[in-house]
Amino acid sequence: MSGLPRAAPDAVPDAVPDVIPDVIPDTAPASAPAKAPLARTGIRRRRGILVPAVSAATVLAALGLWLVATRAGWVKPLFLPPPEAVLAAFGQAWRGEIDGAPLGLHIGDSLLRVLGAFALAALVGIPAGLAMGTSRIARGILDPPIEFYRPLPPLAYLPLMIIWFGIGELSKVLLIFLACLAPVALAARAGVRSASVDQINAARALGASRWQVLRHVVFPAALPEILIGLRIGMGVGWTTLVAAEMVAAQAGLGQLVLNASNFLRTDVVVMGILLIGLFAGLFELGMRGLERVLVPWKGRH
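Rules used throughout
- Residues numbered from 1 in each chain as written.
- Predicted model: local features only at pLDDT ≥ 70, side-chain atom pairs only at ≥ 80, totals over all residues.
- Heavy atoms only, no water.
- Helix = DSSP H or I, 4+ residues; strand = E, 2+ residues; numbered from the N terminus.
- Buried < 20%, exposed > 50% of the residue type's maximum accessible area, 1.4 Å probe, protein only.
- Contact = heavy atoms within 4.5 Å.
- Phe/Tyr/Trp six-rings, centres within 6.5 Å; stacked < 30°, edge-to-face > 60°.
- Expected span 1.5 Å × (residues − 1).
- Bend = angle between axes of the 7 residues up to and from the residue.
- Salt bridge = Lys/Arg side-chain N within 4 Å of Asp/Glu carboxyl O.
- Axes fitted to C-alpha atoms, helices over the stretch in contact; angles between N-to-C directions.
- Parallel < 35°, antiparallel > 145°, perpendicular 65-115°, else oblique.
- Left-handed = near helix turned anticlockwise from the far one by under 90°.
- Nonpolar A, V, L, I, M, F, W, Y, C, P; charged D, E, K, R; others polar.

Chemist: So what about the overall build of the protein? Which residues, and what values?
Modeler: Within the protein, the regular secondary structure consists of 11 helices and 0 strands. Put simply, the protein runs from its N terminus to its C terminus through helices and strands in the order α-α-α-α-α-α-α-α-α-α-α. Across the 301 residues in the protein, those meeting the buried criterion constitute 33%. Taking the intrachain contacts of the protein between residues at least 6 apart in sequence as the baseline, contacts between residues at least 24 apart amount to 70%.

In structure tokens, the structure reads:
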């Protein structure tokens, strides 16, 4: 037995340092990263609460300033009526005591015009924008007229709408439609560039047709930009509403505001402006909610 080789005394110390560094980094900090997602979640919640709180405080401050300015007599009621006068005007308009038509009829007509024109602009503008982004021929055909009329104010081509289509509902809806169309189409065209060449080549390598590439690769990549264009288009549509309802409208919020301005009913004018802004804000919140549902990955890269 004495002839068997013995292990060298320093063999064990040489092996220990090789084991310890491999074990300690894998086991020691295992509990530390678990706290990071919780911290990030808490930060996101605080940020989510901060913005609505600041917005609510801003609105309350504006209402308070309005109340103080009118009560203290800083501004004459002709230029800025007090809140109670606007509320009284709202009650009169709701009962139809201002121009013979109840306020619900004005709101309904305005909503039908804006929503109808907006839906038509989405149905036409999104495919037109995708076509301009994917086809040079389509861009050459559609880009010049859209870029030509886009900077024109709606009042500039309002007389043409009246001459060509009369003073009925068609001219009003077309005026709002043209105002909404350009931002929607241009946003869809810009969104096509969000699709990377690697994604398109990978889809083609898997045998996808041109339509499948457009549907499953290009359109999802362009969807965030399209939704932004829809939000802008909706805002532009509400701003064009008053101009559209200048054309012999029997009812509508814009028509109500214009008629009240002719008789210096500033309380009715402010009431109409607040209602238009309220509905526009509600639609903006709805579009933001739709954006969170359809493109939840946006802003989280």
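Don't stop here, the text continues.
Chemist: Kindly report on the packing of aromatic side chains, identifying the contributing residues and their values.
Modeler: As enumerated under the stated definition, the model contains 5 aromatic pairs in all. When the centroid spacing of 6.3 Å and the interplanar angle of 80° are considered together, the rings of Y149 and Y157 count as edge-to-face. Both residues of the pair, Y149 and Y157, count as buried. Taking the centre distance of 6.5 Å and the plane angle of 85° together, the rings of W164 and F165 count as edge-to-face. Accessibility expressed as a relative area gives 36% for F165, which makes it partly exposed.

Chemist: Any details on helix α7 (residues 169–192)? Residues and values, ideally.
Modeler: In this model, α7 (24 residues) spans 34 Å end to end at C-alpha, consistent with the 34 Å of a helix rising 1.5 Å per residue. The largest bend in α7 comes to about 30°, at L181, with the proline P183 one to four residues further on. The buried count for α7 comes to 19 of 24 residues, which makes it a mostly enclosed element.

Chemist: A description of the environment of S110 should follow, citing residues and the corresponding values.
Modeler: Counting through the fold element by element, S110 comes out in helix α4 (residues 103–134). Residues S110 and L241, 131 residues apart in the sequence, show an inter-C-alpha distance of 7.5 Å. Contact partners of S110, with chain neighbours within four places excluded, come to L241, E245, G252, L253 and G254.

Chemist: Report on the pattern of salt bridges, specifying residues and quantitative values.
Modeler: If charged atoms from side chains of opposite charge come close, those side chains can pair. What the rule picks out here adds up to 11 salt bridges. When the shortest N-O distance is used, the salt bridge between R95 and E97 registers 2.9 Å. For the pair R95 and E97, a shared accessibility class is recorded, and that class is exposed. In this structure, R231 and E284 form a salt bridge, with 2.6 Å as the shortest nitrogen-oxygen distance. Here E284 lies in helix α11 (residues 266–294) and R231 lies in helix α9 (residues 210–244), a separation of 53 residues in the sequence. Three or more residues joined by partner-sharing salt bridges are found here, namely D143, E147, R150 and R189.

Chemist: Outline the packing of helix α10 (residues 253–262) against α11, listing residues and values.
Modeler: Running from N to C, α10 and α11 cross one another at 160°; their axes reach a closest spacing of 8 Å. Taken together, α10 and α11 sit at an angle that is classed as roughly antiparallel. Note on packing geometry: the crossing formed by α10 with α11 is left-handed. Taking contact as the criterion, the partners of L253, L256, V257, A260 and S261 in α10 are, on α11, V268, V269, M271, G272, I273, L275 and I276. Partitioned by chemical class, the residues of the contact of α10 with α11 number 10 nonpolar, 2 polar and no charged.

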